[in-house]
Amino acid sequence: MASPTDSTPEHGTTENGTDDPRPVPAPWGPASGVGSLPGTDPAEAIRLVVGELPGFAHLPELPARGVGADVLGRSAGLLVDVHVDLTPAGWRLVPRPGRDEQRAHEFLDRDLDALHDVAADWTGPFKVQSAGPWTLAAGLERTRGDRAVTDPGARRDIAQSLAEGLRAHAAAVAARLPGADVVIQVDEPSLPAVLLGGLPTQSGFGKLAAIEAQVVQEELEGFLSALGHRTVVHCCATRAPLGLIRAAGADALSFDHGLVQDLDDIGQAVEAGTHLFLGVVPGTDRQLPAPKATATRLQAWWNELGFPAESLHEAVTLTPSCGLAGASPAYARAAMAHVREAARYLLPE
């Protein structure tokens, strides 16, 4: 395979030499987290992330706080002029805001307050996360009980509302961290099921029809282009559609390194200048290898891809394979320390 190229032009110029007023984004950091952590204290969680991941921290999610802090409730809390409430069957679209949606807003507000208190002097890349439009539509019911993902109009409304809410959320983070380059991660674990017809119906007795890949790509592309920030799309499920995500315009792909075997998709992404977030340690408690062993494994994999060894550290950001909400606090800290230290071993000697 050809060597990867840096698709970002030098500051102030484009590839054809004309002036370009846009600032060059900060480099991707060497190691980061996927999103969620154990615990319920946002200030404590932010201190942990900033301390363990000083090159690329993120605003952690704490689903142990309960309703409204779970991935669907938290993401639905970002929607603008689209409302949800929790029913016995799950989150449902409703005509007006209710108590559960208000809880999601309150959790986000507390997180932003804690972020300012703990990390106001942060500089460099800083990541926020949300469920993506396909996963959110797959997880929300319409009022008549079927999944919103089956309705193109509902999908459109959710995607447009979520994009507006995420832009506002990123602006709120930037206001509290003036030195931050805010990156938006969208989590799309439901994408393989959407594409393969694997989503269960609400009754649980059947499966929803697969949605055509071209439709999925076009709608995801429209959503990502509306965000106005560098984007990472995370999918730690098996059969993650990395080629489709890259074609939709994601600036970075985030995936479980142990699950993805299609080297062609990865090689094409690297050649196109797409950054890779490699999930290299499990999201739940396991015995971890030495960080150097993880780095050695990645170097061998990079060599198999056919890229020069000295480009690896610039092409990847190391992360856990998925969120750490199901881990013990000690393991969560150890997993973040592991990816930070493993990334150091990727630096050229």
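Throughout, residues of each chain are indexed from 1 in the direction in which the sequence is written. Thresholds applied to this predicted model are a pLDDT of at least 70 for local features of residues and 80 or more for the giving and counting of side-chain atom pairs; totals over whole chains, interfaces and linings are not thresholded and use all residues. Note that the side-chain values use all heavy atoms of the structure and ignore hydrogens as well as water.

**Q** I'd like a rundown of the overall build of the protein chain, residues and numbers included.
**A** Helix and strand assignments follow DSSP, with helices taken as H or I runs no shorter than four residues and strands as E runs no shorter than two, numbered in order from the N terminus. Along the backbone of the protein chain there are 12 helices and nine strands. Radius of gyration (C-alpha) of the protein chain: 20 Å, near the 20 Å computed for a compact globule of 349 residues. Principal-axis analysis of the C-alpha atoms places the extent of the protein chain at approximately 60 × 50 × 45 Å. Across the 349 residues that make up the protein chain, the buried fraction comes to 50%. Taking contacts inside the protein chain between residues at least 6 apart in sequence as the whole, the part at least 24 apart equals 69%. Note on method: radius of gyration uses C-alpha positions; expected globular size equals 2.2 Å times residues raised to 0.38. To sort residues, take the accessible area from a 1.4 Å probe on protein chains only and compare it with the maximum for the residue type: under 20% means buried, over 50% means exposed, and anything in between is partly exposed. What makes two residues a contact is simply this: any of their non-hydrogen atoms within 4.5 Å.

**Q** An account of the packing of helix α3 (residues 99-119) against helix α5 (residues 152-176) is needed here, citing residue identities and associated values.
**A** Simply put, an axis is a line fit to the C-alpha atoms, just over the touching stretch for a helix, and the angle between two N-to-C directions goes from 0 to 180 degrees. The geometry of α3 relative to α5 is characterised by a closest axis approach of 9 Å and an angle of 25° between their N-to-C directions. What the angle tells us is that α3 and α5 run roughly parallel. The two elements α3 and α5 cross, and the hand of that crossing is right-handed. Facing α3, whose interface residues are Leu108, Leu112, Asp113, Leu115 and His116, α5 presents His169, Ala172, Val173 and Arg176. Along the lines of polarity and charge, the residues of the contact of α3 with α5 split into five nonpolar, two polar and two charged. Should an angle fall under 35 degrees it is called roughly parallel, over 145 degrees roughly antiparallel, and 65 to 115 degrees roughly perpendicular, with every other angle called oblique. For any helix crossing, the convention is left-handed if the near helix is rotated counterclockwise from the far helix by under a right angle, and right-handed if that rotation is clockwise. Just so you know the grouping, Ala, Val, Leu, Ile, Met, Phe, Trp, Tyr, Cys and Pro go in nonpolar, Asp, Glu, Lys and Arg go in charged, and all remaining residues, Gly too, go in polar.

**Q** Run through unusual backbone geometry, naming residues and quoting values.
**A** The phi dihedral of aspartate 81 falls on the positive side, at around 60°, and the residue is not glycine. Residue position: aspartate 81 is located in the loop between α2 (71-76) and β2 (83-87). Using a relative accessible area of 70% as the deciding quantity, one classes aspartate 81 as exposed. Notably, arginine 239 is not glycine yet its phi reads approximately 60°, a positive angle. Examined against the element boundaries, arginine 239 turns out to sit in the loop between β6 (230-234) and α8 (242-247). On the basis of relative accessible area, arginine 239 is assigned to the exposed category, the value being 64%.

**Q** Can you break down the sheet that holds strand β7 (residues 252-256) residue by residue, with the values?
**A** Here we have seven strands laid out as an open sheet, ordered β1-β4-β5-β6-β7-β8-β9, and parallel in their pairing. Bordering the open sheet on either side are β1 (57-58) and β9 (316-320), each of which pairs with just one other strand. Only strands that DSSP links by at least two bridges are regarded as paired with each other. When strand β4 (residues 123-131) meets strand β5 (residues 179-187), the two strands line up parallel, connected through nine bridges. Across the sheet, the residue bridging to alanine 131 is aspartate 187, located in β5.

**Q** An account of empty space enclosed by the protein is requested, with residue identities and associated values reported.
**A** Lining residues are those with an atom within 4 Å of a point, where the points come from a 1 Å grid over the protein atoms alone and group into cavities, where a 1.4 Å probe fits but cannot get out, or pockets, open sets with protein on both sides within 12 Å along at least five of seven lines. Grid points are joined across faces, edges and corners, and a volume is the space filled by probe spheres set on the points. Inspection of the entire model under this criterion finds one cavity of 30 Å³ or more. Volume-wise, the largest cavity comes out at about 30 Å³. Along the walls of the largest cavity sit Glu61, Val71, Arg74, Ser75, Gln129, Ser130, Ala131 and Asp187, which together make up its complete lining. Among the elements of the structure, α2 and β4 are those that each provide at least two residues to the lining of the largest cavity.

**Q** So what's going on with helix α1 (residues 42-52)? Residues and values would help.
**A** Because an α-helix packs 3.6 residues into every turn, residues spaced three or four apart end up facing the same way. Residues of α1 that are buried: Pro42, Ala43, Ala45, Ile46, Leu48, Val49 and Glu52. Looking at the buried positions of α1, the neighbouring elements they touch are β1, α3 and α12 (329-345). Polar contact is defined as a pair of N or O atoms within 3.5 Å, subject to the rule that within protein one atom must be able to donate a hydrogen and the other to accept it, and that residues adjacent in sequence are counted only when both atoms are side-chain atoms. The residue sitting at the N-terminus of α1 and contributing the capping side-chain oxygen is aspartate 41; that oxygen lies 3.0 Å from the backbone nitrogen of alanine 43.

**Q** Let's hear about the packing of aromatic side chains: which residues, and what values?
**A** Only rings of Phe, Tyr and Trp enter the pairing, Trp through its six-membered ring, and a pair is recorded when the two centres are within 6.5 Å. The plane angle decides the type: under 30 degrees is stacked, over 60 is edge-to-face, the rest tilted. Within this structure, the stated rule accounts for five aromatic pairs. Note on tryptophan 301 and tryptophan 302: the rings are 6.1 Å apart at their centroids and 45° apart in plane angle, and the pair reads as tilted. Judged by relative accessible area, which is 8%, tryptophan 301 ranks as buried. Under the relative-accessibility criterion, tryptophan 302 is labelled buried at 1%. Considering the side-chain rings of tryptophan 302 and phenylalanine 307, the 5.0 Å spacing of their centres and the 40° angle between planes classify their relative orientation as tilted. Like phenylalanine 307, tryptophan 302 is buried. One aromatic cluster is present, formed by Trp28, Phe56 and Phe277 through successive ring pairs.

**Q** Tell me about α5, and name the residues and values.
**A** Multiplying 1.5 Å by the helix residue count minus one yields the expected span of that helix. Taking 1.5 Å of rise per residue, 25 residues should cover 36 Å, and α5 covers 36 Å from first to last C-alpha, within 8% of that figure. Where α5 begins, the side chain of aspartate 151 points an oxygen toward the backbone nitrogen of glycine 153, at a separation of 2.8 Å.

**Q** An account of the confidence of the model for the protein chain is requested, with residue identities and associated values reported.
**A** The pLDDT averaged across the protein chain works out to 92; a share of 93% of its residues lies at or above 70. Long-range and interchain partners of residues 1-18, a stretch whose pLDDT sits below 50, account for 35 contacts in this model, where long-range means more than four residues apart. The predictor attaches a confidence to each residue, and that confidence, scored 0 to 100, is pLDDT.

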